[in-house]
Amino acid sequence: MSDISGLIKTLKQRFEKHPSRHQGVAWDTVQARLDAHPDKLWVLAEMEHSGGEPDVIDVDAESGTVTFCDCAPESPVGRRSLCYDQQALDSRKENKPAGSAVGLAEKMGVAMLTEQQYRALQALGEFDRKTSSWVHTPASIRKLGGALFCDFRYGQVFTYHNGAESYYAARGFRGLARI
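Before going into details, it helps to say that this report is about the structure given with it. (Residues numbered from 1 in each chain as written. Predicted model: local features only at pLDDT ≥ 70, side-chain atom pairs only at ≥ 80, totals over all residues. Heavy atoms only, no water.)

1. Let's talk about the nonpolar core
Here comes step 1: In this structure, Val-30, Leu-34, Leu-44, Phe-68, Val-110, Trp-134 and Phe-173 are the most contacted members of the largest nonpolar core, which totals 32 residues.
Here comes step 2: Secondary structure elements with two or more residues in this core: α1 (4–17), α2 (27–36), α3 (41–49), β2 (66–70), α4 (86–91), α5 (101–108) and β5 (146–153).
Here comes step 3: When near neighbours in sequence (up to four residues on either side) are disregarded, Phe-68 contacts Leu-11, Val-30, Leu-34, Leu-44, Met-47, Pro-54, Asp-55, Val-56, Gly-175, Leu-176, Ala-177 and Ile-179. (Core = buried A, V, L, I, M, F, W, Y, C linked by side-chain atoms within 4.5 Å. Buried < 20%, exposed > 50% of the residue type's maximum accessible area, 1.4 Å probe, protein only. Helix = DSSP H or I, 4+ residues; strand = E, 2+ residues; numbered from the N terminus. Contact = heavy atoms within 4.5 Å.)

2. A word on the pattern of salt bridges
Here comes step 1: Throughout the structure, instances matching the rule amount to eight salt bridges.
Here comes step 2: When the shortest N-O distance is used, the salt bridge between Arg-21 and Asp-55 registers 3.0 Å. Placement of Arg-21 in the loop between α1 and α2 and of Asp-55 in strand β1 (residues 54–59) is noted, with a sequence separation of 34 residues between them. Asp-55 matches Arg-21 in its accessibility class, with the two residues each being buried. (Salt bridge = Lys/Arg side-chain N within 4 Å of Asp/Glu carboxyl O.)

3. Observations regarding the side chain of Ser-166
Here comes step 1: Position of Ser-166 relative to the elements: it lies in the loop between β6 (156–163) and β7 (171–173).
Here comes step 2: In terms of polar contacts, Ser-166 uses its side chain to reach the backbone carbonyl oxygen of Gly-163, at 2.7 Å.
Here comes step 3: If sequence neighbours within four positions are ignored, Ser-166 has contacts with Leu-82, Cys-83, Tyr-84, Arg-92, Trp-134 and Arg-171. (Polar contact = N/O pair within 3.5 Å; in protein donor to acceptor, adjacent residues only side chain to side chain.)

4. Some remarks on α1
Here comes step 1: With 14 residues, α1 ought to run about 20 Å at 1.5 Å a step, and its terminal C-alpha atoms sit 20 Å apart, in line with that.
Here comes step 2: Taken residue by residue, α1 has Gly-6, Leu-7, Ile-8, Leu-11, Arg-14 and Phe-15 as its buried positions.
Here comes step 3: Looking at the buried residues of α1, the elements they touch are α2, α3, β1 and β2. (Expected span 1.5 Å × (residues − 1).)

5. Quick word on the packing of aromatic side chains
Here comes step 1: Enumeration according to the criterion identifies five aromatic pairs in this entry.
Here comes step 2: Relative to Tyr-160, the ring of Phe-158 has its centre 6.1 Å away and its plane inclined at 25 degrees; by these criteria the two rings are stacked.
Here comes step 3: Looking at Phe-158, the relative accessible area reads 26%, which means it is partly exposed.
Here comes step 4: In this structure Tyr-160 comes out as partly exposed when scored by relative accessible area, which is 31%.
Here comes step 5: Here a set of aromatic residues connected by ring pairs shows up, and it is made of Tyr-84, Trp-134, Phe-149, Phe-158 and Tyr-160.
Here comes step 6: Note that Arg-79 overlies the ring of Phe-173, its terminal NZ or CZ placed 5.1 Å from the centroid. (Phe/Tyr/Trp six-rings, centres within 6.5 Å; stacked < 30°, edge-to-face > 60°. Lys NZ or Arg CZ within 6 Å of the ring centre and 35° of its normal.)

6. Description of the environment of Glu-94
Here comes step 1: For Glu-94, the position within the fold is in the loop between α4 and α5.
Here comes step 2: In this structure Glu-94 comes out as exposed when scored by relative accessible area, which is 57%.

7. A word on the packing of α1 against α3
Here comes step 1: Packing of α1 against α3 brings their axes to within 11 Å, and their N-to-C directions diverge by 70 degrees. Overall, the two elements α1 and α3 adopt an arrangement that is roughly perpendicular. The interaxial crossing formed by α1 with α3 has left-handed handedness. Note on element contacts: α3 touches α1 through Leu-41, Leu-44, Ala-45 and Glu-48, opposite Ile-4, Leu-7, Ile-8, Thr-10, Leu-11 and Arg-14. (Axes fitted to C-alpha atoms, helices over the stretch in contact; angles between N-to-C directions. Parallel < 35°, antiparallel > 145°, perpendicular 65-115°, else oblique. Left-handed = near helix turned anticlockwise from the far one by under 90°.)

So, in structure tokens, the structure goes:
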């Protein structure tokens, strides 16, 4: 999305449509933060463009930092069919995916959610009822060739493991941006 005013309008509409995600936060607070950091809008544009539907999930009372997270009902469609990281991508000899979740997150300027952040997001709604999302994987698991992903089924968050080189059409990742 190249039109910044269109992006701001979309963010504001989403903010107003889902007040339970950011109780006690006024849009004016968010707008002031965005105005103070226009260089960070490209991150939100990348999140939006790839289907993440970013929304405010927190405002730090001390620093004023606004946290946006992908709140699309399912894993962002523009970030699916990716293996976990570059090492996993390099290890595939054939049928390589287009890229890796960690690599795309870095390129977009977002952090991948941790398992704890993913679980906290689920307290704000039900996400990934038909898809799944890679989450930041501890080095001890990654060293052994694995990677973690989560989804929401049967009213509960599940955390699973897979080989980091695997990829699926219904698995992407959710990002977090602090502005």
